[in-house]
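# An overview of the molecular structure
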Amino acid sequence: MPPDSATVGTYLSRDDAATDAATGLIRQARHRVLVAGYAHLPPALADALRAAHARGVDVRVVLNRATRPGRGARSLASGGIDVAIGARDAAPGMRFVIVDDSVALAADADNTQPGTGMVNVFHRAPELAQTYGQTFWRLYWQADRL
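Residues numbered from 1 in each chain as written. Predicted model: local features only at pLDDT ≥ 70, side-chain atom pairs only at ≥ 80, totals over all residues. Heavy atoms only, no water.

## Here's the deal with the packing of aromatic side chains
- Applying the stated rule across the entire model yields six aromatic pairs.
- Ring geometry for phenylalanine 136 versus tyrosine 140: centroids 5.8 Å apart, planes at 20 degrees, classification stacked. In this pair, phenylalanine 136 and tyrosine 140 both sit in helix 4 (residues 126-142), four residues apart, roughly one turn of the helix. Each member of the pair phenylalanine 136 and tyrosine 140 is classed as buried.
- The rings of Phe136, Trp137, Tyr140 and Trp141 are connected pair by pair, giving a single aromatic cluster.
- Taking the ring centre of tyrosine 140 as reference, the NZ or CZ of arginine 145 above it sits at 4.0 Å. (Phe/Tyr/Trp six-rings, centres within 6.5 Å; stacked < 30°, edge-to-face > 60°. Helix = DSSP H or I, 4+ residues; strand = E, 2+ residues; numbered from the N terminus. Buried < 20%, exposed > 50% of the residue type's maximum accessible area, 1.4 Å probe, protein only. Lys NZ or Arg CZ within 6 Å of the ring centre and 35° of its normal.)

## Description of the packing of helix 2 (residues 43-54) against helix 3 (residues 71-78)
- One way to put it is that helix 2 packs onto helix 3 with a least axis distance of 11 Å and a crossing angle of 5 degrees. Between helix 2 and helix 3, the crossing angle belongs to the class labelled roughly parallel. Between helix 2, through Ala46, Leu49 and Arg50, and helix 3, the contact on the second element is made entirely by Gly72, Ser75 and Leu76.
- Considered class by class, the residues forming the contact of helix 2 with helix 3 number three nonpolar, two polar and one charged. (Axes fitted to C-alpha atoms, helices over the stretch in contact; angles between N-to-C directions. Parallel < 35°, antiparallel > 145°, perpendicular 65-115°, else oblique. Contact = heavy atoms within 4.5 Å. Nonpolar A, V, L, I, M, F, W, Y, C, P; charged D, E, K, R; others polar.)

## Observations regarding the environment of aspartate 82
- As for its placement among the helices and strands, aspartate 82 is situated in strand 4 (residues 82-85).
- With 64 residues separating them in the primary sequence, aspartate 82 and leucine 146 have C-alpha atoms 7.9 Å apart.
- Ignoring sequence-local partners within four residues, the contact set of aspartate 82 consists of Val59, Arg60, Val61, Tyr140 and Arg145.
- In this structure the side chain of aspartate 82 is engaged in a polar contact, spanning 3.2 Å, whose partner is the side chain of arginine 60. (Polar contact = N/O pair within 3.5 Å; in protein donor to acceptor, adjacent residues only side chain to side chain.)

In structure tokens, the structure reads:
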């Protein structure tokens, strides 16, 4: 349960609202960004991750296993971002972004088109971010580095 000081934003969309919400969070990052659950990152999200890394933010990404990592994943890794590919085929679940341990974004992963569906953004909910963080680190330590 988020604390009383938490705020929640919900985005229901068939356009780029999900990506816009995630990139907005990443642009505000000061210390750390953890990303998991995506098979392929939308270009705007990858650009935001590169910019955060250039600002000195610790950026780590765990992508779902695909047949081959895409150019975007290789580009992030060659730019110094820690990218890992899930050790197993991903089960349907949530895509999420954790920013500075206090903001978590969860997106419906059942959509086939990028940038569509429902997105919930939780601000000032460190306990929730910590729960997602535990999932991230479990996936990260089981994953293969790119």
